[in-house]
Amino acid sequence: MPRLAANLSMMFNEVPFLDRFDAAAKAGFQAVEFLFPYEYPAAELKRRLDASGLRQVLFNMPPGDWAKGERGTASLPGRQAEFREGVKLALDYAMALDCRLMHCMAGIPPAGTAFGTAAAMFAANVAWAGEQASVAGVRLCLEPINHRDMPGFHLNTMAQAAAVIAAIGADKVGLQFDIYHCQTTEGDITKRMELHMPFIAHMQLADVPARNEPGTGEIGWPFVFRRIDELGYQGWIGCEYRPAADTVAGLAWRRQFGV
């Protein structure tokens, strides 16, 4: 049976962020993920985790200037020093929160940047970050993101991410397999799972096309969940979806699909 983690950036928005830990625990979750922790002291986040009996399983490295549309710096030429400082900050939070996975966002290269230039920068930065994280007992994750939601994002396909992981080493870098992004960009979800399962370190879900909870769109969830079990996936699956209405009421999909 899949192990589900609540995504606190998208779920339980009925209450302030720091209160979402308790809300997730009361809704039956044992683990959480979110986009970024940096607005809050690590000690306060750890206190909320401990008080709620939750485990932190994933968060993102610093994205650059989010308000200006930046979505990571790993593939951006000329930003290596900032990227490395972000790695150090993220690892400080990972240690404080006892979190063993960090998402290294590829980013949106500036207009006119050659793909090969961005790809070389991305590979070099991920290799360096992977070494730093490995020393701390943390594994990086690479997540392909669809161009509809994030136009221009450097990393789009599972095969593209898997090639980088294979070159650097799956012991240091894993694949963040987001079912929503995979279906939107490539389709053929379970075949891509089968192909890349040795690299998958974390999974996320949402239905297509509106990114709401499972059962609201086109994905055949009973088959997808069954294949995840059959393929022997043992990691967490982050519920990175936007509830169509009330978060708790929307969790009826878990009973519907037996997860």
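A few points on the structure. Treat the numbers as computed from the prediction; the structure is a model and nothing was measured.

### Notes on helix α2 (residues 42–52)
- Turning to α2, its buried residues number three or more, namely A42, L45, L49 and S52. On an axial view of α2, the arc spanned by its buried residues comes to 105°, and they lie on one face. Exposed and facing more than 90 degrees away from the buried side of α2 are A43 and A51.
- Each element contacted by the buried residues of α2 is listed here: α1 (20–26), β2 (31–33), β3 (55–60) and α3 (80–97).
- In the stretch just after α2, G53 is the one whose phi turns positive, near 70°.

### What to know about the packing of α3 against helix α4 (residues 115–135)
- Here α3 crosses α4 at 30°, and the two axes come no closer than 11 Å. Here α4 runs roughly parallel to α3, going by the angle between their axes. Crossing of α3 over α4 shows right-handed handedness. Packed against α3, whose contacting residues are Q80, F83, R84, V87, K88 and L91, the element α4 presents M121, N125, W128, A129, Q132 and A133 at the interface.
- Looking at the contact of α3 with α4, its residues break down into seven nonpolar, three polar and two charged.

### Remarks on the pattern of salt bridges
- On inspection of all chains with the given rule, the structure shows 20 salt bridges.
- The partner of R211 in a salt bridge is D149, and the shortest N-O contact between them spans 3.8 Å. Of this pair, R211 sits in the loop between β7 (200–205) and α8 (221–230) while D149 sits in the loop between β5 (139–142) and α5 (158–168), and the two are 62 residues apart along the sequence.
- Overall, the relative accessible area of 32% leaves D149 in the partly exposed class.
- The residue E230 makes a salt bridge to R226 at a minimum N-O spacing of 3.7 Å. In this pair, E230 and R226 are both assigned in helix α8, four residues apart and thus about one turn of the helix distant.
- The class for R226 is partly exposed, based on a relative accessible area of 42%.
- Each of K191, E194, R226, R227 and E230 takes part in a single network of salt bridges with overlapping partners.

### Observations concerning the sheet that holds strand β8 (residues 236–239)
- Spatially, the eight strands close up into a barrel ordered β1-β2-β3-β4-β5-β6-β7-β8, and their pairing is parallel. Averaged over all neighbouring strand pairs, the angle between strand axes comes to 30°, with direction disregarded.
- Pairing of β2 with β3, which is carried by three bridges, proceeds in the parallel orientation. Considered in β3, the bridge of V32 is made with Q56.
- Packing against the sheet, α3 makes contact with β3 and β4 (101–103), and its axis sits at approximately 170° to β3.

### Re the pairing of strand β6 (residues 173–178)
- Most of β6 is tucked away: six of the six residues are buried.
- The pairing of β5 with β6 spans three bridges and is parallel. Bridging from a neighbouring strand, C141 pairs with G174 of β6.
- Following the chain from β5 across α5 to the adjacent parallel β6, one finds a crossover that is right-handed.
- With four bridges connecting them, β6 and β7 associate as parallel partners. Bridged to D178 within β7 is Q204.

### Side note on the packing of aromatic side chains
- In the structure shown here, the tally under the stated rule is 12 aromatic pairs.
- Note on Y38 and Y93: the rings are 5.2 Å apart at their centroids and 85° apart in plane angle, and the pair reads as edge-to-face. In this pair, Y38 sits in the loop between β2 and α2 while Y93 sits in helix α3, placing the two residues 55 residues apart along the sequence.
- Among the residues examined, Y38 registers a relative accessible area of 22% and is labelled partly exposed.
- An aromatic cluster is present here, built from W221, F225, Y241, W253 and F257 joined pairwise through their rings.
- The ring of W236 carries the charged tip of R3 above its face, separated from the ring centre by 4.2 Å.

Rules behind the numbers
- Starting from 1, residues in each chain are numbered consecutively following that chain's sequence as written.
- Totals for whole chains, interfaces and linings use every residue, but because this is a predicted model, local features are given only for residues with pLDDT of at least 70 and side-chain atom pairs only at 80 or more, for both listing and counting.
- Think of the side-chain values as coming from all heavy atoms in the structure, minus any hydrogens and water.
- Accessible area is worked out with a 1.4 Å probe on protein chains only. A residue is then buried under 20% of its type maximum, exposed over 50%, and partly exposed in between.
- Counting from the N terminus, the helices are the DSSP runs of H or I reaching at least four residues and the strands are the DSSP runs of E reaching at least two.
- It is the directions from the helix axis to the C-beta atoms whose arc is reported.
- Residues are treated as being in contact if the distance between any of their heavy atoms lies within 4.5 Å.
- Think of each axis as a best-fit line through the C-alpha atoms, taken over the contacting stretch in the case of a helix, with angles from 0 to 180 degrees between the N-to-C directions.
- Roughly parallel covers angles under 35 degrees, roughly antiparallel covers those over 145, roughly perpendicular covers 65 to 115, and oblique covers all other angles.
- For a crossing to be left-handed, the near helix must be turned anticlockwise from the far one by less than a right angle; the clockwise case is right-handed.
- Classification used: nonpolar for Ala, Val, Leu, Ile, Met, Phe, Trp, Tyr, Cys and Pro, charged for Asp, Glu, Lys and Arg, polar for all others including Gly.
- Whenever Lys or Arg places a side-chain nitrogen within 4 Å of a carboxyl oxygen from Asp or Glu, that contact is recorded as a salt bridge.
- For two strands to count as paired, DSSP must find a minimum of two bridges between them.
- For a crossover, the right-handed case is the one in which the path from the first strand over the helix to the second runs clockwise, viewed with the strands pointing away from the viewer.
- Each Phe, Tyr or Trp ring, with Trp reduced to its six-membered ring, pairs with another whose centre is within 6.5 Å; inter-plane angles below 30 degrees give stacked pairs, above 60 give edge-to-face pairs, and intermediate values give tilted ones.
- By definition here, charges over rings are those cases where NZ of Lys or CZ of Arg is within 6 Å of the ring centre and within 35 degrees of the ring normal.

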